[in-house]
Amino acid sequence: MTRKTEELHGISLLGNQNTQYKTEYAPEVLEAFENKHPDNDYFVKFICPEFTSLCPMTGQPDFATIHIRYIPHIKMVESKSLKLYLFSFRNHGDFHEDCVNIIMKDLIKLMQPKYIEVFGEFTPRGGIAIHPFANYGKAGTEFEKLARDRLFAHDTL
């Protein structure tokens, strides 16, 4: 086993030419790898401008740009698995606020980050745009306070 293979142990989607796109909510596609810099605090940001889900009441599609920012600890999310995971919401019926919280909780379960925030910038429907924001800071650390501060200031950031 090469050093690169060892570093990416558990990663099966990256480089796989037979990618299957799940059309139902699929948290099991998420994959993580070791953070090479766990002693550094730094942000990783993902922007998904083509997120879609379904309104649970009407079945109509909802469109959003999803912003994910996190400060990794030991694990980091692999980007292709994240793309496939977000795509799996395409036929998932949930309210905007639920989608954002589900995404955040699934990523916390996968990585146990020091800090994470998920912001959904949903396009208007019926004349109203909904922009839910959810975040988390590891309890008992400075990141718990960061989460609280950013929660109350999120619309000014």
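Everything numeric in this text was worked out from a predicted model, so none of it was measured.

Trainee: Describe the confidence of the model for the protein, with residues and values.
Mentor: In low-pLDDT regions, the fine details of the predicted coordinates are not to be read closely. With 88% of its residues at a pLDDT of at least 70, the protein reaches an overall mean of 90. Within the model, pLDDT remains below 50 along residues 1-7, and this stretch shows four contacts once partners closer than five positions in the same chain are excluded.

Trainee: Give me the lowdown on the layout of surface pockets, citing residues and values where you can.
Mentor: Estimated volume of the largest pocket: approximately 240 Å³. Every residue lining the largest pocket is counted, 14 residues in all, and those nearest its centre are Cys48, Glu50, Lys83, Leu86 and Phe87. Elements supplying a minimum of two residues to the lining of the largest pocket: strand S2 (44-54), strand S3 (61-71) and helix H2 (79-87). The element that contributes the greatest number of residues to the lining of the largest pocket is S2, accounting for six residues.

Trainee: I'd like to hear about the UniProt feature "binding site: substrate" (unreviewed entry) in the protein, residue by residue, with values.
Mentor: The UniProt feature table records "binding site: substrate" (unreviewed entry) at Val77, Glu78, Ser79, His96 and Glu97. Lining of the largest pocket among the annotated residues: Ser79. Classification of Val77 by relative accessible area gives buried; the value is 3%. Excluding its chain neighbours within four sequence positions, the residues that come into contact with Val77 are Leu30, Glu31, Ala32, Phe33, Phe46, Tyr70, Leu82, Leu107, Leu110 and Met111. The topology assignment puts His96 in helix H3 (residues 96-111). Not counting chain neighbours up to four residues away, the residues in contact with His96 comprise Asp62, Phe122, Ile130 and Pro132.

Trainee: Give a description of the pairing of strand S6 (residues 133-137) that names residues and reports values.
Mentor: Counting buried positions along S6 yields four of five residues, so the element is predominantly enclosed. Looking at chain direction, strand S5 (residues 115-122) and S6 are connected through five bridges and run antiparallel. From the neighbouring strand, Ile116 faces S6, where its bridge partner is Tyr136.

Trainee: Just give me the short version of helix H4 (residues 142-153), but keep the residues and values in it.
Mentor: The α-helix winds at 3.6 residues per turn, so residues separated by three or four positions along the chain end up facing the same way. Over its 12 residues, H4 runs 17 Å from end to end, which matches the ideal 16 Å to within 8%, given 1.5 Å per residue. Among the structural elements, S3, S5 and S6 are those in contact with the buried residues of H4. Regarding H4, its N-cap is Thr141, as a side-chain oxygen of that residue lies 3.1 Å from the backbone nitrogen of Phe143 further along.

Trainee: Which residues make up the nonpolar core, and what values do they have?
Mentor: By size, the foremost hydrophobic cluster in this structure holds 29 residues, and its most contacted members are Phe51, Ile66, Ile68, Leu82, Ile103 and Leu107. Among the elements of the structure, S2, S3, strand S4 (75-77), H2, H3 and S5 are those that each provide at least two residues to this core. When residues in this core are grouped by element, the largest group, seven residues, is from H3. In terms of nonpolar packing, the next biggest core, distinct from the first, is built from five residues, Ile71, Tyr115, Phe143 and Ala147 among them.

Trainee: So what about the packing of H2 against H3? Which residues, and what values?
Mentor: Relative to each other, H2 and H3 sit at 145°, their axes nearing to 12 Å. Between H2 and H3 the crossing geometry is right-handed. Across the interface between the two elements, Leu82, Tyr85 and Leu86 of H2 pack against Ile102, Ile103, Asp106 and Leu107 of H3. Along the lines of polarity and charge, the residues of the contact of H2 with H3 split into six nonpolar, no polar and one charged.

Cut-off values and rules
By convention here, each chain's residues receive numbers from 1 onward along its written sequence. Only residues with pLDDT of at least 70 are given local features in this predicted model, and only at 80 or more are side-chain atom pairs given and counted; all residues enter the totals for whole chains, interfaces and linings. In computing side-chain properties, one takes all heavy atoms of the structure into account and sets aside hydrogens as well as water. The predictor rates its confidence in each residue with pLDDT, a number between 0 and 100. It only takes one pair of heavy atoms within 4.5 Å for two residues to be counted as in contact. Put simply, the grid is 1 Å and covers the protein atoms alone, a cavity is a trapped set of points that fit a 1.4 Å probe, a pocket is an open set with protein on both sides within 12 Å along at least five of seven lines, and lining residues have an atom within 4 Å of a point. Grid points are joined across faces, edges and corners, and a volume is the space filled by probe spheres set on the points. Starting at the N terminus, helices and strands are each numbered in turn, a helix being any DSSP run of H or I of at least four residues and a strand any DSSP run of E of at least two. UniProt positions are given in the numbering used here, feature names are shortened, and annotations may be inferred rather than shown by experiment. Between buried and exposed lies partly exposed: a residue is buried under 20% and exposed over 50% of the maximum accessible area for its type, with that area taken using a 1.4 Å probe on protein chains only. Think of it this way: DSSP has to see at least two bridges between two strands before they count as a pair. A helix is expected to span 1.5 Å for every residue after the first. Pairs of N or O atoms are called polar contacts if they sit within 3.5 Å, as long as, within protein, a hydrogen donor faces a hydrogen acceptor (for residues adjacent in sequence, only side-chain-to-side-chain pairs). Within this scheme, the nonpolar core is defined by two criteria: the residues are buried Ala, Val, Leu, Ile, Met, Phe, Trp, Tyr or Cys, and they are joined through side-chain atoms within 4.5 Å. To obtain each axis, a line is fitted to C-alpha atoms, and for helices this fit is confined to the stretch in contact; angles are then taken between N-to-C directions over 0 to 180 degrees. Two helices that cross are described as forming a left-handed crossing if the nearer one is turned anticlockwise from the farther one by less than a right angle, and a right-handed crossing if clockwise. Residues are sorted three ways: Asp, Glu, Lys and Arg are charged, Ala, Val, Leu, Ile, Met, Phe, Trp, Tyr, Cys and Pro are nonpolar, and all the rest, Gly among them, are polar.

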